[in-house]
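What follows is each chain in one-letter form.
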Amino acid sequence: MSEELKVPTMAEFMAEGKQPEILFWVGSAGSYDDRAKKISKAFVKILHKANVAFAVLGEEESNTGDVAKRAGNEFLFQMQAMMNIEILNAYEVKRIVTCDPHSYNCIKNEYPSLGGNYDVVHHTQFIKELISSGRLTLEGNTYKGKRITFHDPCYLGRANSEYDAPRDVLKQTNANLIEMKRHKSTALCCGAGGAQMFKEPEKGNMDINVLRTEDALETKPDIIATGCPYCNTMMTDGVKAKEKEGEISVLDIAELIANS
Amino acid sequence: MQYIPNILFLIILALGIGYFTLNIKKLIRNIKLGKAVDATDNKGERWRNMARIALGQSKMVKRPIAGFLHIVVYVGFIIINIEVLEIIIDGLFGTHRVGLKVLPESVYGFLIGSFEILAVLVLVSVVIFWLRRNVIKLKRFLSSEMSGWPKNDGNIILYFEVVLMCLFLIMNATDTTFQNLGHGNVVSQFIAPWFGDNPDTLHIIERTAWWLHIVGILIFLNYLYYSKHLHILLAFPNTYFGSVTPKGKFNNLEAVTKEVKLMMDPNADPFAAAPEGAEDEVPAKFGASDVMDLNQIQLLNAYTCTECGRCTSACPANLTGKKLSPRKIMMDTRDRLEEVGKNIDANGGEFKDDGKQLLGDYITNEELWACTTCNACVEECPVSINPLSIILDMRRYLVMEQSAAPMELNNMMTNIENNGAPWPYNQMDRLNWAKED
Ligand code: SF4
Ligand code: SF4
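Criteria and thresholds
Residues numbered from 1 in each chain as written. Chains lettered and ligands numbered in written order. Predicted model: local features only at pLDDT ≥ 70, side-chain atom pairs only at ≥ 80, totals over all residues. Heavy atoms only, no water. Helix = DSSP H or I, 4+ residues; strand = E, 2+ residues; numbered from the N terminus. Rg over C-alpha atoms; globule rule 2.2 N^0.38 Å. Buried < 20%, exposed > 50% of the residue type's maximum accessible area, 1.4 Å probe, protein only. Areas by Shrake-Rupley, 256 points an atom, 1.4 Å probe, with all protein chains shown as cover. Contact = heavy atoms within 4.5 Å. Lys, Arg positive; Asp, Glu negative; His and termini not counted. Charge placed at Lys NZ, Arg CZ, Asp CG, Glu CD. Pairing = 2+ DSSP bridges. Salt bridge = Lys/Arg side-chain N within 4 Å of Asp/Glu carboxyl O. Near = heavy atom within 4 Å. Nonpolar A, V, L, I, M, F, W, Y, C, P; charged D, E, K, R; others polar. Expected span 1.5 Å × (residues − 1). Polar contact = N/O pair within 3.5 Å; in protein donor to acceptor, adjacent residues only side chain to side chain. Axes fitted to C-alpha atoms, helices over the stretch in contact; angles between N-to-C directions. Parallel < 35°, antiparallel > 145°, perpendicular 65-115°, else oblique.

Chemist: What exactly am I supposed to notice about the overall build of chain A here?
Modeler: Within chain A one finds eleven helices and eight strands. A compact globule built from 260 residues should have a C-alpha radius of gyration of about 18 Å, and chain A, at 18 Å, falls within 12% of that. A principal-axis box enclosing the C-alpha atoms of chain A has dimensions of 50 × 45 × 30 Å. Counting only residues that meet the buried cut, chain A has 64% of its 260 residues in that class. Element-wise, carbon and sulfur atoms account for 47% of the exposed surface of chain A, whose accessible area totals about 9500 Å².

Chemist: Looking at this model, I keep getting lost on the overall build of chain B. Mind explaining?
Modeler: For chain B, the helix and strand inventory stands at 22 helices and zero strands. For 437 residues, the compact-globule formula gives about 22 Å, and the C-alpha radius of gyration of chain B, at 28 Å, lies well above that figure. Dimensions along the principal axes, computed over C-alpha positions, put chain B at roughly 95 × 55 × 40 Å. Going through the 437 residues of chain B one by one, you find that 49% of them count as buried. Considering only intrachain contacts with a sequence separation of at least 6, the fraction spanning at least 24 residues in chain B is 75%. Within the structure as shown, chain B displays about 21400 Å² of accessible surface, and the carbon and sulfur contribution to it stands at 65%. Averaging the coordinates of the 41 positive side-chain charges in chain B and doing the same for the 46 negative ones gives two points 5 Å apart.

Chemist: Explain the sheet that holds strand S6 (residues 176-177) of chain A here, please?
Modeler: Strand pairing in a sheet takes place through backbone hydrogen bonds and is either antiparallel or parallel in direction. Residue and element names in this part refer to chain A. The sheet built from four strands is open, its strands ordered S6-S5-S7-S8 with parallel pairing. Edge strands, defined here as strands with exactly one partner in the open sheet, are S6 and strand S8 (249-252). Examined bridge by bridge, strand S7 (residues 223-226) and S8 share four bridges and lie parallel to one another. Across the sheet, the residue bridging to Ile223 is Ser249, located in S8.

Chemist: Quick question: what am I supposed to make of the environment of B:Ala284 here?
Modeler: Residues and elements named next belong to chain B. Note that Ala284 resides in the loop between helix H12 (254-264) and helix H13 (296-304). Looking at Ala284, the relative accessible area reads 45%, which means it is partly exposed. Distance in space between the C-alpha atoms of Ala284 and Ala255 is 6.8 Å, their sequence separation being 29 residues. Ala284 has contacts with Ala255 and Glu401, leaving out every residue within four places of it along the chain.

Chemist: Just checking my understanding: could you explain the environment of A:Phe24 for this structure?
Modeler: Following the sequence through the fold, A:Phe24 ends up in strand S1 (residues 22-25). C-alpha of A:Phe24 to C-alpha of A:Arg147: the two residues are 123 residues apart in sequence and 30 Å apart in space.

Chemist: Sorry, what's going on with the interface of chain B and chain A here?
Modeler: Across the contact, 63 residues belong to chain B and 76 residues belong to chain A. As a salt-bridge pair, A:Glu61 and B:Arg430 come within 3.1 Å of each other at their nearest N and O atoms. When contributions to the side of chain B that touches chain A are tallied by element, the ones reaching two or more residues are H12, helix H15 (316-319), helix H18 (365-369), helix H19 (376-380), helix H20 (387-401), helix H21 (407-419) and helix H22 (432-435) of chain B. When residues of the side of chain B that touches chain A are assigned to their parent elements, the largest contribution, seven residues, is made by H12(B).

Chemist: Could you clarify how one ought to interpret unusual backbone geometry in this entry?
Modeler: Most peptide bonds take the trans form, and the phi angle of most residues other than glycine is negative. Residues and elements named next belong to chain B. In the Ramachandran plot, Arg97 falls in the positive-phi region, its phi being about 50° despite a non-glycine side chain. If you trace the backbone, Arg97 turns up in the loop between helix H4 (82-93) and helix H5 (98-102). Classification of Arg97 by relative accessible area gives buried; the value is 6%. We note that Asn375 has phi near 75°; this positive angle belongs to a residue other than glycine. Assignment of secondary structure puts Asn375 in the loop between H18 and H19. Judged by its relative accessible area of 2%, Asn375 is buried.

Chemist: What is the right way to read the site of ligand 1 from this model?
Modeler: The immediate surroundings of ligand 1 are formed by B:Cys315, B:Pro316, B:Leu324, B:Pro326, B:Cys371, B:Thr372, B:Thr373, B:Cys374, B:Asn375, B:Ala376, B:Cys377 and B:Ile391. Among the residues making up the shell around ligand 1, the classes are represented as nine nonpolar, three polar and no charged.

Chemist: I tried to follow the pairing of S1(A) on my own but got confused; where do I start?
Modeler: Every other side chain in a regular strand lies on the same face of the sheet, so the side chains alternate between the two faces. Residues and elements named next belong to chain A. Burial of the side chains of S1 extends over both faces: Ile22 and Phe24 are buried on one face and Leu23 and Trp25 on the other. As paired elements, S1 and strand S2 (residues 54-55) share two bridges and run parallel to each other. Residue pairing across strands places Ile22 opposite Phe54, the latter belonging to S2. Across three bridges, S1 lies against strand S3 (residues 95-98) in parallel orientation. Paired with Phe24 across the strands is Val97, a residue of S3.

Chemist: Even after reading the chapter, I still don't get the site of ligand 2, so can you show me in this structure?
Modeler: Residue and element names in this part refer to chain B. Neighbouring residues of ligand 2: 13 residues in total, closest Cys305, Cys308, Gly309, Cys311 and Cys381. Contributions of two or more residues to the shell around ligand 2 are made by helix H14 (310-314) and helix H16 (326-346). Residues belonging to the shell around ligand 2 are distributed by class as follows: eight nonpolar, two polar and three charged.

Chemist: Whenever I open this one, helix H3 (residues 34-49) of chain A confuses me. Can you help?
Modeler: Quick reminder: α-helices carry 3.6 residues per turn. Residues three or four places apart thus point the same way. Given a rise of 1.5 Å per residue, 16 residues ought to cover 22 Å, and the 23 Å separating the end C-alpha atoms of H3(A) matches this to within 8%. Of the residues that open H3(A), the one with a side-chain oxygen 3.1 Å from the backbone nitrogen of A:Arg35 is A:Asp33.

Chemist: Can you walk me through the packing of helix H1 (residues 4-31) of chain B against H13(B) in this structure?
Modeler: Residues and elements named next belong to chain B. Orientation of H1 relative to H13, taken along the N-to-C sense of each, is 140°, at an axis distance of 9 Å. Between H1 and H13, the angle is such that the two are oblique. The segment H1 lies against H13, with Leu27, Asn30 and Ile31 engaging Gln296, Leu299, Leu300 and Tyr303. The class makeup of the residues in the contact of H1 with H13 is five nonpolar, two polar and no charged.

Here it is as structure tokens:
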């Protein structure tokens, strides 16, 4: 992915007096985290391929406030939320797509009572939509016969009961989808949620991401598929802790689809 | 003289029901110590949830063995209690097996026959339950919060069931007229020979079993309040009031919204007098440090918890050896609420500060910070309890009232405040990822 990606902003659309079909909410991880940036790029590639008119807020985007809220800082959350809502409403945004289940949950469920009402979609749901409407076709058989296991992100799965979209999309790659013992509503957290990503874990006898990686390794996968930038980091670290990084890759569904 | 048994019965019945009513009143008063919540929305869905989860036990069967046994005991318990109706009428009016007078013999026989079969099924299930707790020692019954009373409580109820079911069968077996009917004694006919054929002895045994049975049931009823078995009753309101929104949706504190709006409004005059009507608003305390700061549904949750530990056995923090156990959160909340209730009783209806609170004396910061807010506990709970909402409210208190978040979280929050990202990067660089390769 060395060619420069075209990522238009809302401000540019506005200047031309146009509205994009969707707003791509990149999120803080997708903007700054080195691993997550690759996911953002992969998703943009998909959007271009499917000819979706999209825009980002760019410098006008700010943190959703999701982590602050889970940490208990309702003040900071609501300040962030209201700032974002003001901008989103000013641009008359209708549809928001994001690769981050935490942003997805927060904007979808917690922004409405503060004045932000949008149709919020997770990127796996959007990709599913693109495929079933025929706007996106997958040619290659890159993953044919590969064993892939999908780790459900808590904030897409249990929090919003979306278990099928990521699986439906994965099936399109002709890979062998193998479920972990704990999956869908009984999936184990990767350990990053609830602001844990930003602090040392409490004392225990192991880290949550290592336990979750063990769940994944039991399926003898070639690839661990994720749908959340935090899950991706946690599982990548877990695979490293188990010294399996040579054999197993951890890839976001956007990356898997962008490559197939 | 001949009315003495009837009068005695009436007194025992009145005492049993009276004391129970008293405790239930106390329970309602304690729950009302919490903040009122509006749960008048989505009535249809709420009734459906109650029918499905409490009556239909839809979540119990996720663990097939425990679920199946639980349904047997539950159905047995409810149906056999129809028999109690007959006992009460007989006791009050001095009749004997009044059912036989109002129902055709075959119908009566069919009813009692099915009760007898259920009684045996309940006995078998109870034995398996006991083995699971005491011999197989399932991990989730062994956590630290399950020692002492909670452990005994689990067993006592099993012994209770055994005694009540045996009494029911003995009562039938020693009732000569009933045995002579040859209807409905499907199980008791095999027990009958054990008691010989002396009519006087049989009569005494029958009467004793009958009295012990009804007294046992009344004791059981009153035992409920002190036990996790309160869920037999509370599972119904609790599933009704359970959340009907996506699990990821956490409530937005309204008191905060008001303040934030004021802060963000450039035209607001910070020194202006409070708007009218604002005086009678209680000064807001953000988050919860004690049970009175929680809401009524959270307190009802605490009374409903069956201590089954399904939540804890799914909690990622607990699974990796951290101190957090969502079951303990619920048990602590109930214990503290009971303590506050007793304090109120002892002080003539008013709570006197006892220098204690839920936070610190029961639940520690370490437990609260270990939660990943993953909702696994909420998903698992068979009676729609939400331990996570209590954890979050207590975190809110720690952060907004005490500024007691872990260091790294404070840094993260400062970053969000200053640059709109949890990391110390400039907001102007937010789109750099698109230009890098
Ligand atoms: S939400 Fe918190 S308490 Fe509940 S299972 Fe997850 S980590 Fe444990
Ligand atoms: S909160 Fe629910 S799952 Fe947890 S112990 Fe209580 S009843 Fe069981």
